[in-house]
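Given next are the chains, with one letter for each unit.
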Amino acid sequence: MAKGKARKGMTMIGPTPGHRVKQLEVRTQNASGRNRSRLVEVAIKEPVVTTPGRSKSFPSSSPSKYSRSPSKYHLQGEEGVENSYVMNDPPVEPLPIPRKKTQNDYIREWLPYREDFLHILPDLEAPPLPWICKICQKDGVIQQWTGNFFEDSALHMVSEDAIEDTDPQDYLQTGLQLHLGHSGAPCPSASTNEAPPLSGQSRPTTAGKDGDQTKGDRQDTPTMDDDEWEDVDNIPLHLRPPVGSKHLTIVDVTGVHFVLVRPCQCLNAESYPLQLFRAKLCPSTFDKPSTVFTFSVLDDFLRDNVECGTSGMNYYSKLRRVTSNVFPHLVVDRYRELLRVARQWHLLKLLKWSSFQDNMNPSKDGDLVIFCVACPQPGINVGPTANLDESWKYTRAVVMDGNFKAEHMHERRPDDQVWLMDGRGFMVRNPPYQAYLKATPHITEKSSCNNHKAISQASASHGKLNSTGVGATACARHGCFYPHSIVDFQKGERQLNMDYSLTHALSYNMTGIENVLCFYDINCAYMKNLRRRIESSDLLHLPPSLRIMAGIGMWHVHGHKKECYTRYSPLFIKGAGWVDGEIIEMLWSTLNIVSASTRGMTSPHRQELLDFQMNDSNFMKMIRMADSLSRKLKTARASVVLARDAFERFNKAITPEQQRNWGRQEETALLRRVHDPSVMDVFEIQLKKAPTVHAVELRLLEKSPRQGVHHGAASWITGGLAIEEAEIILNIYRKDNGPNPSELKRLTIARRAEKLSADRSRFIADGRIYLRVDDEFERSDESDGRTDLTLGQDTLDDEDAVSNDGYSDSSLVEVFGRASSNDPTSPYLPLPSKFGSAYCKAKKLHRLAQMELELRMGQANDALHGLRLALADKAVIFRGVVRPATNYSMRTRAWQMIHSIDTSVKQCAAIYRQCRLAMIALGADSDILDRYQELQKSHLSATAAAFTQGAHDHRDSHLPWFWTMDIPKDTDSKSWLSEFYRIHWLRAKAAKDRWEEENELVTSEFVWVVNFFQYRVKRWYEIYMAKKLAGNRGAACYAARQQAVYDRLAEQAELIWQGMNPDDNPFHHGM
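Reading guide: rules and limits
- Residues numbered from 1 in each chain as written.
- Predicted model: local features only at pLDDT ≥ 70, side-chain atom pairs only at ≥ 80, totals over all residues.
- Heavy atoms only, no water.
- Helix = DSSP H or I, 4+ residues; strand = E, 2+ residues; numbered from the N terminus.
- Buried < 20%, exposed > 50% of the residue type's maximum accessible area, 1.4 Å probe, protein only.
- Contact = heavy atoms within 4.5 Å.
- Areas by Shrake-Rupley, 256 points an atom, 1.4 Å probe, with all protein chains shown as cover.
- Pairing = 2+ DSSP bridges.
- Axes fitted to C-alpha atoms, helices over the stretch in contact; angles between N-to-C directions.
- Salt bridge = Lys/Arg side-chain N within 4 Å of Asp/Glu carboxyl O.
- Polar contact = N/O pair within 3.5 Å; in protein donor to acceptor, adjacent residues only side chain to side chain.
- pLDDT = per-residue confidence, 0-100.
- Core = buried A, V, L, I, M, F, W, Y, C linked by side-chain atoms within 4.5 Å.

Undergrad: Break down the overall build of the protein chain for me, with residues and values.
TA: Of regular secondary structure, the protein chain possesses 30 helices and 21 strands. Scored against the burial criterion, the 1071 residues of the protein chain give a buried share of 48%. If you take every contact in the protein chain between residues at least 6 apart in sequence, the share linking residues at least 24 apart comes to 74%. Total accessible area on the protein chain stands at roughly 54600 Å², and carbon and sulfur atoms take up 52% of it.

Undergrad: Explain the sheet that holds strand β18 (residues 469-475) to me, and be specific about the residues and the numbers.
TA: The mixed open sheet is built from 5 strands, whose spatial order is β19-β18-β15-β20-β21. The open sheet terminates on both sides in strands that have one partner only, identified here as β19 (487-489) and β21 (547-551). Across this sheet, the average inter-strand angle for adjacent strands is 25 degrees, counted without regard to direction. Bridge count between strand β20 (residues 515-519) and β21: 5 bridges; the pairing is parallel. Opposite F519, over in β21, you have G551 as the bridge partner. Most of the contacts of helix α15 (residues 584-595) go to strand β15 (residues 396-403), to which it runs at about 45 degrees, and overall it touches β15 and β18.

Undergrad: Go over the side chain of T102, please, and point to the residues and values.
TA: You can see T102 is positioned in the loop between β5 (86-87) and α2 (103-110). With sequence-adjacent residues up to four places away left out, T102 is seen in contact with R413 and D416.

Undergrad: Before we move on, can you summarise the pairing of strand β11 (residues 247-252) with the specific residues and values?
TA: Taken residue by residue, a regular strand's side chains alternate between the two faces of the sheet. Across the 6 residues of β11, 6 count as buried, placing the element largely inside the fold. Here β11 shows a buried face lined by H247, T249 and V251 and a second buried face lined by L248, I250 and D252. The pairing of β11 with strand β12 (residues 255-262) spans 6 bridges and is classified as antiparallel. By the bridge assignment, L248 is partnered in β12 with V259. Here β11 hands over to β12 after 2 residues, the two strands then running antiparallel side by side. Both β11 and strand β14 (residues 291-294) contribute to a ladder of 3 bridges, which runs parallel. Bridge pairing in β14 links T249 to T291.

Undergrad: Describe the sheet that holds β12, and please don't skip the residues or the numbers.
TA: The strand order β8-β12-β11-β14-β13 describes an open sheet built from 5 strands, whose pairing is mixed. Both edges of this open sheet fall to β8 (177-179) and β13 (281-283), since each of them pairs with a single strand only. Ignoring strand direction, the axes of neighbouring strands in this sheet form an average angle of 40 degrees. With 3 bridges joining them, β8 and β12 adopt parallel strand pairing. Within the sheet, the bridge partner assigned to Q177 lies in β12 and is L260. Here helix α6 (residues 295-308) sits on the sheet and contacts β11, β13 and β14; the angle it forms with β14, its principal contact strand, is near 65 degrees. Helix-sheet contacts for helix α7 (residues 312-323) involve β11 and β12, and the interaxial angle to β12 is about 80 degrees.

Undergrad: Any details on the pattern of salt bridges? Residues and values, ideally.
TA: The final tally for this structure, using the stated rule, is 36 salt bridges. A salt bridge links D367 to R424; the nearest nitrogen and oxygen atoms lie 2.7 Å apart. With a gap of 57 residues between them, D367 in the loop between α8 (335-353) and β15 and R424 in the loop between β16 (408-409) and α9 (430-439) connect regions that are remote in the sequence. By relative accessible area, D367 is classed as buried at 6%. Owing to a relative accessible area of 23%, R424 belongs among the partly exposed residues under this scheme. Among the charged side chains, a network of salt bridges with common partners joins R644, E666, K989, K992, D993 and E996.

Undergrad: Tell me about the side chain of H560, residues and numbers included.
TA: With respect to the helices and strands, H560 occurs in the loop between β21 and α14 (562-568). H560 gets classed as buried once you look at its relative accessible area, which sits at 7%. Side-chain polar atoms of H560 contact the backbone oxygen of D521, separated by 2.7 Å.

Undergrad: I'd like to hear about the confidence of the model for the protein chain, residue by residue, with values.
TA: Model confidence for the protein chain is summarised by a mean pLDDT of 76, while 69% of its residues fall at 70 or above. In this model, residues 50-87 is a region of pLDDT below 50 whose contacts with residues beyond four sequence positions or in other chains number 56 contacts. Within the model, pLDDT remains below 50 along residues 944-958, and this stretch shows 33 contacts once partners closer than five positions in the same chain are excluded.

Undergrad: Quick rundown of the nonpolar core? Include the residues and the values.
TA: Residues C372, L502, L506, Y526, I548, M622 and F1013 are the most contacted members of the largest nonpolar core, which totals 92 residues. Counting residues per element, this core draws most heavily on helix α29 (residues 976-1030), at 17 residues. Excluding anything up to four places from it in sequence, Y526 contacts M400, Q495, M498, D499, L502, Y520 and R533. Core analysis: the next-biggest nonpolar cluster, separate from the first, contains 52 residues, V693, F835, Y839 and I901 among them.

Undergrad: Could you give an account of the pairing of β15, with specific residues and numbers?
TA: For β15, the buried fraction is high: 8 of the 8 residues fall into the buried class. Across the two faces of β15 the burial is the same, with R396, V398, M400 and G402 and A397, V399, D401 and N403 all buried. The sheet contact formed by β15 and β20 spans 4 bridges and is parallel. The residue bridging R396 from the neighbouring strand is V516, located in β20. Relative to β18, β15 runs antiparallel, the two being bridged by 6 bridges.

See the structure below:
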């Protein structure tokens, strides 16, 4: 607003004796949200000026309208001469400018009311007294039926006739008037029941015929200055805030309303905020409440937040649209108040739900939230007679993981925070956690496994973030978060953060439980020094008797080294049941819905919101646990039968001696795996395999470079072999898709061909260095551009898929000329085998030729190994899947598996034939060629009968030569096929054991779920009796309702069990 308009509305106060006048600028905000400023004159008392011989108090002059300082008269005597004076009065203090209250200041004002609010909440559960309808004043009808439940009557507006006779300026005074403290009736102690005038001034009146005062004409009603407040008149009437301290802004699901509220003024009346709270109105401030939120709007906001991830800003924007869809921007802004009151409501709801713990330890970490009802908890759902030490069923299964979506920005005032429920939810208590981080150094440990992101980026710093994410521990079988175990990441996913989470999770209701199964994505590195890290910290503790078995989830374990599969896969962990160890990944998807809105919150607010979201996740799992367990039990019962049949088929194919030996191997490994996971390698093939191409490359690289050979020649040749394999696989893929493949398959072929072309170009460019071909080109008169496309995709038949045309005694110029062609399927890669052994000796390339020969042998070993695995799997699928298939869909899926294996067989066979041709071209001796024999088409078929009879009887007569080529000459007790049977027998037995464990575990979990619900029924009944004897009707009603809720959940779980087991009742009431 311009200065002129501000001064136009300024009131002059004139000269005041003993004071000076100062102008102050006052900023205000109107109903539309615009800032206004105007000048206000205030009188400031002047000090008394004394001179030697006399004392005189000089009045201040009246300054000019635009003066902001005293005139000269203030500093001079009557004659205008400056005097030296002594200040008898203390110096004038400047007017203190009050500090604007922050959100935390309002929260601190609420804290003294917290206990009172918590006592009022259960009181509201009691039925109203008297039992008389407020509307019709008849007995028997208490509230209005909304279609779903009874509730108090909402906004009672006046009749249409009354509205027509009402001045629009006074419309709000004739609507709803809310009386507090007397069940909706006016307070008898109130001095008046009339509302104050809206404008703060008396309404003009005229005398009637009988001397009564009536309203004057409409044009005589005082109006606002249009020049000064020209925008106020554009606000619709129902959006204009009324004037008067008794009018409150009520935020409800129906919109934002202005309601006249009259508090109770009796001598024994409660404070105004408590009266509002008893009327189901939650005030946002407490000194002079001006805005309140109904309980219904707070509950609706919480539901939208946990179900839809609605942020506070979006929710209040919706309320603005509900209030006025045409002018939502003119609705008063109460967004900050909504966030503040929602924090208070979060805490009150959690305290109310957990009020059964009043007689327990109130300072216990995580006491306000729910844990898994199906996990064993001694003293809650596991009775005192249970044998916790000896039974594997009482093993706690946990899973840990980090989530980098739940980021948190740095705070502007980190020291000015109000923690409402620090440590009483899922997030850990902040001061001890910060002390632990300061006292514990981060030790970077190099992983012996693959370079996992969780390890390599553990020290990654993000300057703009106070927290880069959160780490959590959850129940691995049911997906429930552990209370007081969620930690913040300061950098990456460091081990010290996860140590804190794990130790606190394993201290929650673990009395007597000694076995823990822990899943973590990087357990192969994390568990190595866990005990050492915990023992070196004074702030962490794990019982020495606690046995922790490490596992890696089924999805992540395949990204590790080959050895990690048998050492950490849940398939080989005794007592794990049928669990994948990846359930926490599904929990992040729901938590990430609200993570974005918590990014800029304060730390306490973020903690409370995440706690409430995780508690809702656990609650939803609790009420659906019986249905979930019933589905698991049906799956387990069906799978146990299939797993037993599969194991019996393998069991019949081996001798009793093999059964005993392999059974002892399994038992020994399972007993020792806690201390040494490497003993689980018995589930892998134990025969010494022929060296692979990578092993040969590594051996060549570790050797000192041969004379006349450039550094890196072994890697260059290995790259050429990889290109050759990729070309063979691409050609087979082209042939399998026929002459008219689909557009998507043509695109796949084109992309793979483009990549091959780029790889060939790089390989050829490097080959000029390793083969010293530049001098040869300079001496040659032959053309560089000759090409020979004799080997294209059409030359590949089903038997060979390779050609011998590429191997001849060609010169460097010929090979490089043909290799430089634009055909990606050309066989002419400039490898030593393309020139022939004689040419290589003549050109002093025989050392390169010898290196390629060794690498070709490794490549052939890889191809034969893959061929053996594919043929064995094909035979097993034929006997175990194709033949038992009973319907069309099962047969279709089975034959799809067979076709996929056939493709692998063709690829491995083609690669092997290519290797053998290259060996011949490189001059391999007879010993090598006798070992790597010619592969016939008949060798690629393995009958199912050969895999179901005794392995030793058919080792030589029924199986091709490559099945026994890796077996030592003097070994009769082992063969590749017997090793194949040992591995499949052990894995089939492991699958059978896990499904049997799953069946038994789910049965026990049904009992634990019912025991948990009955425990809650008992606790709420005790509270009900105590509150009833104390005369607390509301708390007794709430306890009775909670008792009925858990009683219904227990009854539902028992009915589901009885529907599946009519003759079995394992439940014992009154645990």
